[in-house]
Amino acid sequence: MRPSAGNERPPGRPVSGFVPGFAAGAPPPAAGASPFGAAAPLARPGGPAGPFAPPTQQQGPPVAQAAASPRGPFGAAPPAAMGGYRGPPPPQGSFGAGPPPPGPFSAAPPPQGPFGMAPPAQGPFGAAPPPSQGPFGATTPPSQGPIGAAPPPQGPFSATPTQGPFGATRPPQGPFGAVPSSQGPFGTAPPPFRPPPSALLQPQSPTGNTMPSPTYVRPPPVQSQPQPVQGYYPGGPNPQFPPSRPSFQQPMQNMPPPSMGPPSSYSNQPAYPTTGPPMGTLQTLVEDFQSLSVSSAPGSLDPGVDVNGLPRPLYGDEEPAKVLEAFPLNCHPRYFRLTTHTIPASQSLVSRWHLPLGAVVHPLAEAPDGEEVPVVNFGSAGVIRCRRCRTYINPYATFADAGRKWRCNLCTLLNDVPGEYFCALDASGRRFDADQRPELSKGTVEFVAPTEYMVRPPMPPSYFFLIDVSVSAVRSGLLEVVAKTIKSCLDDLLGFPRTQIGFLTFDSTLHFHNFKSSLSQPQMMVVADLDDVFLPLPDDLLVNLVDSRHVVESFLDNLPNMFQDNVNVESALGPALKAAFMVMGQIGGKLLVFQSTLPSLGIGRLRLRGDDVRAYGTDKEHILRIPEDPFYKQMAAEFTKNQIAVDIFSLSDKYCDIASLGSLAKYTGGQVYHYPSFQATTHGEKLKHELSRDLTRETAWESVMRIRCGKGVRFTTYHGHFMLRSTDLLALPAVDSDKAFAMQLSLEETLMTTQTVYFQVALLYTSSSGERRIRVHTAAAPVVTDLGEMYRQADTGAIVSVLARIAVENSLSDKLDSVRQQLQLKLVKSLKEYRNLYVVQHRIGGRLIYPESLRYLPLYILALCKSLALRGGYADVSLDERCAAGFSIMILPARRLLNFIYPSLYRLDEVLTVEPDMIDGALKRLPLTLQCLDTAGLYLLDDGFTFLVWLGRMLQPELMNDILGVSLSNFPDLSKDSVERM
Amino acid sequence: MVKLTMIARITDGLPLAEGLDDGRDLKDADFYKQQAKLLFKNLSKGQHESSRLSIETGPYYFHYIIESRVCYLTMCDRSYPKKLAFQYLEDLKNEFERVNGNQIETAARPYAFIKFDTFIQKTRKLYLDTRTQRNLAKLNDELYEVHQIMTRNVQEVLGVGEKLDQVSQMSSRLTSDTRMYADKAKDLNRQES
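Definitions and cut-offs
Residues numbered from 1 in each chain as written. Chains lettered and ligands numbered in written order. Predicted model: local features only at pLDDT ≥ 70, side-chain atom pairs only at ≥ 80, totals over all residues. Heavy atoms only, no water. Core = buried A, V, L, I, M, F, W, Y, C linked by side-chain atoms within 4.5 Å. Buried < 20%, exposed > 50% of the residue type's maximum accessible area, 1.4 Å probe, protein only. Helix = DSSP H or I, 4+ residues; strand = E, 2+ residues; numbered from the N terminus. Pairing = 2+ DSSP bridges. Axes fitted to C-alpha atoms, helices over the stretch in contact; angles between N-to-C directions. Contact = heavy atoms within 4.5 Å. Buried area = accessible area lost by both parts, 1.4 Å probe. Salt bridge = Lys/Arg side-chain N within 4 Å of Asp/Glu carboxyl O. Polar contact = N/O pair within 3.5 Å; in protein donor to acceptor, adjacent residues only side chain to side chain. Phe/Tyr/Trp six-rings, centres within 6.5 Å; stacked < 30°, edge-to-face > 60°.

Trainee: Explain the nonpolar core residue by residue, including any values.
Mentor: Residue and element names in this part refer to chain A. Within the largest apolar cluster, 182 residues are counted, with the highest numbers of intra-cluster contacts made by Leu466, Leu577, Leu591 and Phe759. Examining the composition of this core, we find that eight residues originate from one element, helix H27 (residues 573-584), more than from any other. Listed in part, the 33 residues of the second largest apolar core include Tyr421, Phe447, Ile774 and Val776.

Trainee: So, the pairing of strand S12 (residues 510-514) of chain A: which residues are in play, and what are the values?
Mentor: Residues and elements named next belong to chain A. Counting buried positions over the five residues of S12 gives five, a clear majority of the element. Alternating residues of S12 divide into Leu510, Phe512 and Asn514 and His511 and His513, and every residue in both groups is buried. Sheet topology note: the strand S11 (residues 500-506)/S12 ladder contains three bridges and is antiparallel. Paired with Thr505 across the strands is His511, a residue of S12. The turn linking S11 back onto S12 is made up of three residues.

Trainee: Break down the sheet that holds strand S6 (residues 398-400) of chain A for me, with residues and values.
Mentor: Residues and elements named next belong to chain A. With respect to topology, three strands assemble into an open sheet ordered S6-S7-S8, the strand pairing being antiparallel. Bordering the open sheet on either side are S6 and strand S8 (414-416), each of which pairs with just one other strand. Averaged over all neighbouring strand pairs, the angle between strand axes comes to 35°, with direction disregarded.

Trainee: Explain the interface of chain B and chain A residue by residue, including any values.
Mentor: Residue-level contacts link 14 residues of chain B with 24 residues of chain A. Where chain B abuts chain A, roughly 1,700 Å² becomes buried across the two surfaces, and 59% of that area is made up of carbon and sulfur atoms. On the surface where chain B and chain A come into contact, there are four salt bridges. The salt bridge partner of B:Lys122 is A:Asp547, with a shortest N-O separation of 3.4 Å. Counting across the interface, chain B meets chain A through four residue pairs in polar contact (both at pLDDT 80 or more). Going through the elements one at a time, strand S2 (15-18) and helix H3 (117-128) of chain B are the ones with two or more residues in the side of chain B that touches chain A. With four residues, the single largest contributor to the side of chain B that touches chain A is H3(B).

Trainee: So what's going on with the sheet that holds strand S29 (residues 947-951) of chain A? Which residues, and what values?
Mentor: All names here are of chain A. Here we have four strands laid out as an open sheet, ordered S27-S26-S28-S29, and antiparallel in their pairing. Every other strand in the sheet has two partners, leaving strand S27 (925-926) and S29 as the edge strands with one partner each. In this sheet, strand S28 (residues 938-942) lies alongside strand S26 (residues 904-907) in antiparallel orientation, the contact comprising four bridges. Its bridge partner lying in S28, Leu905 is registered against Leu941.

Trainee: Lay out the packing of aromatic side chains in plain terms, naming residues and giving numbers.
Mentor: A complete count under the given rule lists 33 aromatic pairs over all chains for this structure. Judged by centre distance (6.2 Å) and plane angle (85°), the ring pair of A:Tyr860 and A:Tyr902 falls under edge-to-face. Highlighted residues: A:Tyr860 in helix H34 (residues 857-865) and A:Tyr902 in the loop between helix H36 (894-901) and S26, separated in sequence by 42 residues. Here the two residues A:Tyr860 and A:Tyr902 agree in accessibility, since each one is buried. By way of ring pairs, the aromatic residues B:Tyr72, B:Phe96, B:Phe113, B:Phe116 and B:Phe119 are connected into one cluster.

These results come straight from atomic positions and should not be treated as a statement about function.
Below, the structure is given as structure tokens:
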């Protein structure tokens, strides 16, 4: 709603001239500068604040104030929000830039778009009955009276200006800024109610009212009524919701199509196309859902939803551990999870399961301490595998013919047991030695690979650093952080004593560094020929770390000084990549690229592809999110062929086309790190932490992975960072415990004849210690004919992972809007299907029900729609951040993904004021709702990438002083500053 | 110049170590590596006539020495002094035995001593240039005699196995035929009597 409101309004309002004027005048900080344009960026940072701000306003100033006084803007405008943030510690910086937290967090507008606003979403949840409107509608008028008394046009007007600018961007504001005044009486009213009321009928109301509803509504995406097994899913605060919508449309229609809105106001429009009427199928669904109600007595004031009772995933991901009870021989779900731990028996069942059918594989997930993967060496018998389908022997294989044969559980072929591996069977047909052999008793084992599994001797772990030393890298302090971090990690690099290391720096030329062990200082050689790159030395560019340790250290010590005075602004990344390829090609390994500007010279140079507002909402929207130059993909293919994985560290303060650079990581099993407007003082710690983790985590080299599955099913698509070799072999030059892969299944036959389907993940890799191993995970899943069972066995974490990856991939070929719509559609369809299953049985008439296993799914999907990668439109997230978040989503394991889209929130001030020895170490995770935030509190939001510290407005000054070392009174107002930097 | 270096256990042909980035500037590296592996396979069947041998293959020579059931093999240009090549192998052997000597028999996986590649790498560099003072001195060293080391052609060496196989096949056929003949003769004798 929100977005639409924003958009519509400006036009609707006659006052084209008025709006801008107002905006400029009123909200000085935000809108003032560039009425709308500015507003948008601000909005982001303020996102979280927005929601919070409202309370403040309530307390004091009426509407007028809001507009005019600094305070007003404050509450409503992002700057205010900033105020709240003020004094944020380093993390904040990144924070500000990275809006991640805000999105999921509060009712930030963009996110809303999808859910709240999106008609579909509403439909399902917003079943709110018209009656509900009644109450509100009634209330509203009075409130508006005072203000609204003015001629209708005006009413809307006054409201509009403020909202116009922000409306689109900043929902919270709308409600508060505009509404408060009118709603004076209501101010006290509990927030939830406030917003909705107005919406209804009148044109005027739309402005004020509509806005609020989204804000508040949102929080309770998932509502729970205490239902043991199946919760009721009262969509969000429906009552409020639906009304707002209708009201909206009306106003729009009524309004004369004003020319209006400053461009900026329009900018938001594209972002929220969702508001538009749903598409065909969706429409019917929505209608169906609108007939469902949440409130007990439609028409009464009872909201019918206890926001606090909604299910919230405060314990993060829930691994489907019960699977292990049913199938004790399965590998642990941390390695392999199906979206529902069942296989539908027929195609028709599949079509009724509207969620994805697939799996999430995390082959190198870290096992808890003390739990090690057993290693098996078959010696001269060779690795025991099925002759036909090449499945590895596993606990589900059965033995026959007195132990001389074994039957493959995937393809049912009878294989011979090699003489060396023979063992007699007991009466039940089980081998006597089954318990002694891990491969016959454990779902996860590692086999020592014999020579046939090697095309060359195990490679040494090798690291090659490609460092941009152009002026922006020098100024931001990048070189110093990188040099120090690498130096501190030298002892922990993997593969001692075989580790290889090398560096190449570049600006408009390439600088090679000779680390020959007999030198005391590294020698630098400059190659200026970018068209025909050559290596100035045959050897010693990539050297053994042990032998050349002193040379490498001296290089790292000097690196920051070496380029101190460099004023070169160019960046020849393409040629540098070619050079790196020539250096590393023989061995392979990891290539870490530190890039601080847009590549500007030589092959692979990129241009500033304007992130154009006008492109959003059109068919061309996605083009900015896909690589521009095929060079990077070709290069990635070469890299993968030579076992090189590329990690991109992008530390630009401007656009640097992550969409293109990222494809290097995407096809080589790498990773993308993005630090918007990197400054060593602010982001240094984060970079240091992430870089050392990248360098020292256990890594599997030159690996390939394949998943086999039993008859009747087939893996069709794979999602993650890898290169697909042949149809089902994933080539992974390097893979580690931070990377997971998702894949989708389809049935090959219309009817499954078996009782159980088996899956086997095999990862062939070289460990850092130089051993070639095969890690094998085996799992079984039952074939079912009952849709209810599929719902019972559903795994929210896996479903969200698969959906998220599909959504990110779709966003590369489609509008963000339709991507979000598709997500919602899937959710709605699946809930509807579930309802059809049980509605009669439970006699719940008009209520929405959902399965226990999926109780968090709606919330997560909402969070996903609000995530950096998918949220809003043009102004809500910068293009680079959006792409970087997309790349992250593609590799995150389920647990971290869930935390990324639905971050953990903790209240800190209570802990900080306790005696240190009284702290029990466990922080309580809070739901991400406005109600949980106390203006006198200090909160920490952790999404796994960034910490966001939120300082309440009423926070005790002493505490503030202790934490920031600044007292609130003389604390400089950073809000504007940081906004500009962003 | 040294092109390839491989170390393998000859009891079962299990590769133990191999030089790093060998074959970087070699076009047919894979082909020659394959040949070297075949050689190891033959050796593991017990078909070696001497513990030191040079084998010519295309433009290169394989040189190997076998010591305490480990084979050290290198491939060099034809022009590379034989003497230096064997000195190189001796160096490797000494170091390898010193470091890993007692684990060789128990190694159960391929390339169990891959860490040795850094030493191979370093030693190889010392032997790259035949005209360094150090290498010239070694060349002039009369103590290390390589003249009696035989030189064979790779086809011969790899062919030996095939021929032996043929011979053993023929002989086994002969045995079975003889047995048949004896049986028949016995039969006939019985019939006659």
